[in-house]
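Next come the chains, spelled out residue by residue.
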Amino acid sequence: MDVSQNNSSTVVGEPEIAIDPHNPSNLYIAWATFPVPVTLTSKAPPRSCGAAVSNDGGSHWHYVSPPVNNLPNINGCEDGVAVTGPDGTLYQSGDMATFTGISSGGISLGGSLGNIVVHGQDWVTTSKNWGESWSKPVETMGSDSTRFVRGAGTLPIDTFDRPWIVVDQSTNTVYAIGHNIVDHDGYVTASTDDARSFGPVYPTDSPTYPHDSQTFGGNVAASHGIVATTYTASQAPGVTCPCVVFETSANKGGTWNRHIVPLANASSAPDPMIAADPSQKGHFALTVYDSTGTANQVYITDDSGTTWQGPTMVAESPANQQFKTWISYGTGGDIALVWRTWHGVPETSPYDVWAAVGRDQGQNGPVFSAPMRISSATGSYPKGYIAGDDFSWVIANSKYVYVGWGDARSGPVQCWISRVPVSDFHIASG
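The text that follows walks through the structure, step by step, so that each part is easy to find. As the structure is a prediction and not an experimental result, all values here were calculated from the model. (Residues numbered from 1 in each chain as written. Predicted model: local features only at pLDDT ≥ 70, side-chain atom pairs only at ≥ 80, totals over all residues. Heavy atoms only, no water.)

Scanning the chain for helices and strands turns up zero helices and 28 strands. Its C-alpha atoms give the chain a radius of gyration of 20 Å, within 12% of the compact-globule value 22 Å for 430 residues. C-alpha atoms of the chain, sized along the principal axes, occupy 55 × 50 × 45 Å. Here the chain holds 430 residues, and the buried ones make up 60% of them. Taking the intrachain contacts of the chain between residues at least 6 apart in sequence as the baseline, contacts between residues at least 24 apart amount to 55%. By element, 51% of the accessible surface of the chain is carried by carbon and sulfur atoms, the whole surface being about 16500 Å². Once the 19 positive and 37 negative side-chain charges of the chain are each reduced to a mean point, those two points are 5 Å apart. (Helix = DSSP H or I, 4+ residues; strand = E, 2+ residues; numbered from the N terminus. Rg over C-alpha atoms; globule rule 2.2 N^0.38 Å. Buried < 20%, exposed > 50% of the residue type's maximum accessible area, 1.4 Å probe, protein only. Contact = heavy atoms within 4.5 Å. Areas by Shrake-Rupley, 256 points an atom, 1.4 Å probe, with all protein chains shown as cover. Lys, Arg positive; Asp, Glu negative; His and termini not counted. Charge placed at Lys NZ, Arg CZ, Asp CG, Glu CD.)

In structure tokens form, the structure reads like this:
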């Protein structure tokens, strides 16, 4: 289903889907909206951090407008975020630019934008009634130096890019991660009062395990009082790097317990993503691309990264170049995985969306179903499209798997969603 229904003047992508834990018929989608073409003087579209609600399990949708779209002195919102807490509270977030300009020291985005410098902030708002009303937005982190803890890792440099939020379903602690817009270093902060305030902002890397500035920082996961993240390090004690670091913290990011993931024939640019099992403490899944880029490797740890099982290879047949992967745990302990594949030359060819569901069944790692093609038609990105669709999304409960992605089958990139019964993914016995 095309949820955003946008026209050719905008592109909509990177949707996040949230499910009400007390009423699974309530769904929420947040997405990013960019104008076409993108320029430094582009006016933000209405509902730039777009959002829609379904009260019937995804059959019908209506737009809502969280207040992150109209904060003072900010031109719009992007990188929409949507999650729920164990009490059913809905969290909507996004990043907001406070300044955009040209500088030789800025980020090269290609096209007509040149090298840009962007200052901004990440904000979050909550709703207790599924989008009918919202709390006053609160800043989690941003370009200013407020609440950043110095003396470890690298310095914050416009730290608001590609935010994610996760809520520990056991403790109701809200964790927010953001990244330097220049070198992609990650930073984490936490709230223990339903996102009414956030504590210190801690770096996720360290001088001993520095983040590789040529790669993007990872997402964030949390369960049973443990927050985790992952990234690619440029160096680490006793190993050859680039290498993937998986780390956990029991004090909201104040200190980290780091482990090098023992990858086998993985890509040199693995793009690690992680998920936390809400049903078991210390149980996490991590996925990276294999050395050919045509398969996801899925690794499992049940001791917070000390030891790992896997990898399990997950790919459609015939295999194609994969991109925009996401991994998550369902409420029943199943692992949901989504990815897209190019049909031809990456970046310019049509693509499909695929998903698979697995579960941990012993010392050899997870066992997955055969991949299922989710998209019913192929699409390709419009010429000159450079922003607003960083990842795909997958979330599951005991009954359904929900997949969200940016789809360009009809010209502009639009926000699409698919609902598939969990029972349709036939998982072999391991």
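Having put the structure on the table, let's press on.
Quick look at the sheet that holds strand β26 (residues 393-396) now. Pairing is antiparallel in the open sheet, where three strands are placed in the order β26-β27-β28. Each end of this open sheet is capped by a strand with a single partner; those strands are β26 and β28 (414-421). Strand-to-strand twist of the sheet, defined as the mean angle between neighbouring strand axes without regard to direction, takes the value 15°. Bridging between strand β27 (residues 400-407) and β28 involves eight bridges; their strand directions are antiparallel. Looking at β28, one finds that V403 is bridged to S418. (Pairing = 2+ DSSP bridges. Axes fitted to C-alpha atoms, helices over the stretch in contact; angles between N-to-C directions.)

Right, let's get into unusual backbone geometry. A cis geometry characterises the amide bond from C241 onward to P242, with omega recorded as 15°. Positionally, P242 belongs in the loop between β14 (226-233) and β15 (243-249). Of note, the amide linkage connecting S317 to P318 takes the cis form, showing an omega dihedral of -5°. Within the fold, P318 resides in the loop between β20 (309-314) and β21 (322-329).

As a volume, the second largest pocket reaches approximately 920 Å³. As for the second largest pocket, its lining consists of 44 residues, and the residues nearest its centre are Q169, Y329, T331, I395 and A396. When residues of the lining of the second largest pocket are traced back to their parent elements, those giving at least two are β1 (10-19), β5 (78-84), β9 (159-167), β13 (220-223), β17 (273-276), β21, β26 and β27. Its residues placed into classes, the lining of the second largest pocket shows 28 nonpolar, 12 polar and four charged. (1 Å grid on protein atoms, 1.4 Å probe; cavity = no way out; pocket = protein on both sides within 12 Å on 5 of 7 lines; lining within 4 Å. Points joined across faces, edges and corners; volume = space filled by probe spheres on them. Nonpolar A, V, L, I, M, F, W, Y, C, P; charged D, E, K, R; others polar.)

This paragraph deals with the side chain of S304. The topology assignment puts S304 in the loop between β19 (296-301) and β20. Classification of S304 by relative accessible area gives buried; the value is 13%. Non-local contacts of S304, meaning those with residues more than four positions away in its chain, are made with I226, F246, T248, H259, G282 and F284.

Further remarks concern empty space enclosed by the protein. Overall, the coordinates contain two cavities of 30 Å³ or more when judged by the stated rule. For the largest cavity, the calculated volume is near 40 Å³. In terms of lining, the largest cavity is formed by I177, H179, G186, T204, H211, G217, G218, T229, T230 and Y231. Those elements that place two or more of their residues in the lining of the largest cavity are β10 (174-180) and β14. The dominant element in the lining of the largest cavity, judged by the number of residues it contributes, is β14, at three residues. Here the residues of the lining of the largest cavity sort into two nonpolar, eight polar and no charged. Taken as a whole, the second largest cavity encloses approximately 30 Å³ of empty space.

This part covers the state of the cysteines. With the rule as written, the count across this model stands at two disulfides. In this model C241 forms its disulfide with C243; the gap between the sulfur atoms is 2.1 Å. Sign of the S-S torsion, about 55° for the bond between C241 and C243, identifies this disulfide as right-handed. A residue is classified by how much of its surface remains accessible, and C243, at 8% relative accessible area, is buried. If one numbers only the bonded cysteines of the chain, in the order they occur, the disulfide pattern is 1-2, 3-4. With no disulfide of its own, C415 lies 12 Å from the sulfur of C49, the closest cysteine sulfur. With relative accessibility at 0%, the residue C415 sits in the buried group. (Disulfide = S-S within 2.5 Å.)

Take the sheet that holds strand β18 (residues 284-289) next. As summarised here, the arrangement of the four strands in space is β17-β18-β19-β20, forming an open sheet in which the pairing is antiparallel. Looking along the sheet, the strands with just one partner apiece sit at the ends: β17 and β20. Across the sheet, the mean angle from the axis of one strand to that of its neighbour is 20°, orientation sign disregarded. Pairing of β19 with β20 involves four bridges; the strand directions are antiparallel. Bridging from a neighbouring strand, I300 pairs with Q309 of β20.

Read these as spatial facts, not as claims about activity.
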